[in-house]
Amino acid sequence: ISNYTHLTGLYLNNNQLQELPIIIFQTLTNLAILDISHNRFRKLPDELGSLISLEKLLIHNNQLTELPLSLGQLF
C-alpha cells in the first residue's frame with residue numbers, strides 16, 4: 001500500500017466490509033475521497049481523523065451506531 005501514497009480517491013463501496021485496515025489511515029495521507037458506503041461497518045476507527053486531506057466521506061447504508069470523535073477535526 002506504500003506505493004499508493006499519491007492516491008486521492010478510494011472507492012470500497014458495495015462490498016461486505018466490516019473493518020478497514022489501519023494502514024490505510026497511516027499511509028494514504030493524500031486521500032480526498034473515501035467511499036465506504038453500502039457495507040457492513042458498525043463503527044469506524046478513530047484513525048479516520050488522520051486523513052487530513054479528506055474532503056468527501058461517503059458512509060451511508062452501513063450499520064453505524066456512532067462516529068469517531070476524531071472525525072470532527074477534519075470538517
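Reading the values: the criteria
- Residues numbered from 1 in each chain as written.
- Predicted model: local features only at pLDDT ≥ 70, side-chain atom pairs only at ≥ 80, totals over all residues.
- Heavy atoms only, no water.
- Helix = DSSP H or I, 4+ residues; strand = E, 2+ residues; numbered from the N terminus.
- Rg over C-alpha atoms; globule rule 2.2 N^0.38 Å.
- Buried < 20%, exposed > 50% of the residue type's maximum accessible area, 1.4 Å probe, protein only.
- Areas by Shrake-Rupley, 256 points an atom, 1.4 Å probe, with all protein chains shown as cover.
- Lys, Arg positive; Asp, Glu negative; His and termini not counted.
- Charge placed at Lys NZ, Arg CZ, Asp CG, Glu CD.
- Pairing = 2+ DSSP bridges.
- Axes fitted to C-alpha atoms, helices over the stretch in contact; angles between N-to-C directions.

Across its full length, the protein chain carries one helix and three strands. For the protein chain, the α and β elements follow one another from N to C terminus as β-α-β-β. Here the protein chain has a C-alpha radius of gyration of 11 Å; the compact-globule value for 75 residues is 11 Å, and the two agree. Its C-alpha atoms give the protein chain principal-axis dimensions of about 30 × 25 × 20 Å. Burial analysis of the protein chain (75 residues in total) assigns 36% to the buried set. Counting every atom, the protein chain has about 4,800 Å² of accessible surface; 49% of that belongs to carbon and sulfur. For the protein chain, the separation between the mean place of its 4 positive charges and that of its 6 negative charges on side chains is 9 Å.

Take the sheet that holds strand β2 (residues 33-35) next. Strand order in the open sheet formed by three strands is β1-β2-β3, with parallel pairing between adjacent strands. Strands with a single pairing partner mark the edges of an open sheet, and in this sheet they are β1 (9-11) and β3 (56-58). Taken pair by pair, the neighbouring strands of this sheet meet at an average axis angle of 5°, ignoring direction. Two strands pair when backbone bridges link them, and β1 and β2 are joined in this way by three bridges, in the parallel orientation. Following the sheet pairing, G9 is matched in β2 by I33.

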